Amino acid sequence: MTFSLAGLLGNSAPGHATGIDRTTVSLTALANLNALSPQNVPQVAPAATPVAAVEKTAIEQIAPAEQEEFDTLAQAVAAQDSAAADEALQCLAGAIYFESKGEPLTGQLAVAEVIINRAKSGRFPTDVCDVVKQRGQFSFVRGGQIPTITKGASYRTAIAVAKVALASAWNSPADKALYFNTPDRRPSVRAVKVASIGNHVFYR
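In this report, the structure presented in the accompanying data block is examined. (Residues numbered from 1 in each chain as written. Predicted model: local features only at pLDDT ≥ 70, side-chain atom pairs only at ≥ 80, totals over all residues. Heavy atoms only, no water.)

**Let's talk about the nonpolar core**
Then comes step 1: Core analysis: the biggest nonpolar cluster contains 51 residues, and Val-77, Leu-92, Ile-96, Ile-115, Val-132, Phe-140 and Phe-202 have the highest contact counts within it.
Then comes step 2: The set of elements that each furnish at least two residues to this core consists of helix H2 (73-78), helix H3 (87-100), helix H4 (105-121), helix H5 (128-133), helix H6 (153-166), strand E1 (179-181), strand E2 (193-197) and strand E3 (200-203). (Core = buried A, V, L, I, M, F, W, Y, C linked by side-chain atoms within 4.5 Å. Buried < 20%, exposed > 50% of the residue type's maximum accessible area, 1.4 Å probe, protein only. Helix = DSSP H or I, 4+ residues; strand = E, 2+ residues; numbered from the N terminus.)

See below:
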């Protein structure tokens, strides 16, 4: 079932992805970015799910038609259905929704890629949900949980973008980015700018 992408241009306050500069017994030191405004763990085996398994689970829920090649990102997004039964998909869509709703589709995809890249990096938790809920990383997370989301057009778009990202159905212009922030905030760690999209600057 396809759906309208109307309303994607609505205003929203962009959020930020930050890092924490601390070393734990089992994690590599995490990079620290500037603290965020209110708007805007180590893994315990066997609870942690390798990102490859997460991606496989999410991709298995995507219809074969969604694995086709598309001429535009908008086409790739429109081809997805709005089902989000998988927990990793819900977490990724939640982050896209709260951090980048109202941003261009390329900006929403880049936010998703930051989270997926973190899970693959070895510097953050290996589970998509744990990356999103990691303490001090995303300011929309409350008490380690993603707030309730109104299931409107913006959220359906976030689900579709999450599916595109997990299926690697479109190349992100912010390839390998691990952080993002607004243009007026600079990372407090050494970071290389890889893209500027909408109201966010992406770094690796």
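**Points about the packing of H3 against H6**
Then comes step 1: Where H3 meets H6, the closest approach of the two axes is 8 Å, and the angle between their N-to-C directions is 120°. The pairing of H3 with H6 is recorded here as oblique in orientation. Here H3 runs over H6; the crossing is right-handed. Contacts between H3 and H6 involve Leu-89, Gln-90, Leu-92, Ala-93, Gly-94, Ile-96 and Tyr-97 on the former and, on the latter, Ser-154, Tyr-155, Ala-158, Ile-159, Val-161, Ala-162, Lys-163 and Leu-166. (Axes fitted to C-alpha atoms, helices over the stretch in contact; angles between N-to-C directions. Parallel < 35°, antiparallel > 145°, perpendicular 65-115°, else oblique. Left-handed = near helix turned anticlockwise from the far one by under 90°. Contact = heavy atoms within 4.5 Å.)

**With respect to the sheet that holds E2**
Then comes step 1: The strand order across the open sheet formed by three strands is E1-E3-E2, and the pairing between neighbours is antiparallel. Looking at strand neighbours, the two that pair on one side only are E1 and E2, the edges of this open sheet. Averaged over all adjacent pairs, the angle separating strand axes in this sheet is 20°, with direction ignored.
Then comes step 2: In the sheet, E1 pairs with E3 via three bridges, with the strands oriented antiparallel. (Pairing = 2+ DSSP bridges.)

**Considering the environment of Thr-182**
Then comes step 1: Take Thr-182: it is sitting in the loop between E1 and E2.
Then comes step 2: Along the backbone, Thr-182 and Ile-197 are 15 residues apart, and their C-alpha atoms lie at a distance of 9.8 Å.
Then comes step 3: A polar side-chain atom of Thr-182 sits 2.5 Å from a polar atom in the side chain of Asp-184. (Polar contact = N/O pair within 3.5 Å; in protein donor to acceptor, adjacent residues only side chain to side chain.)

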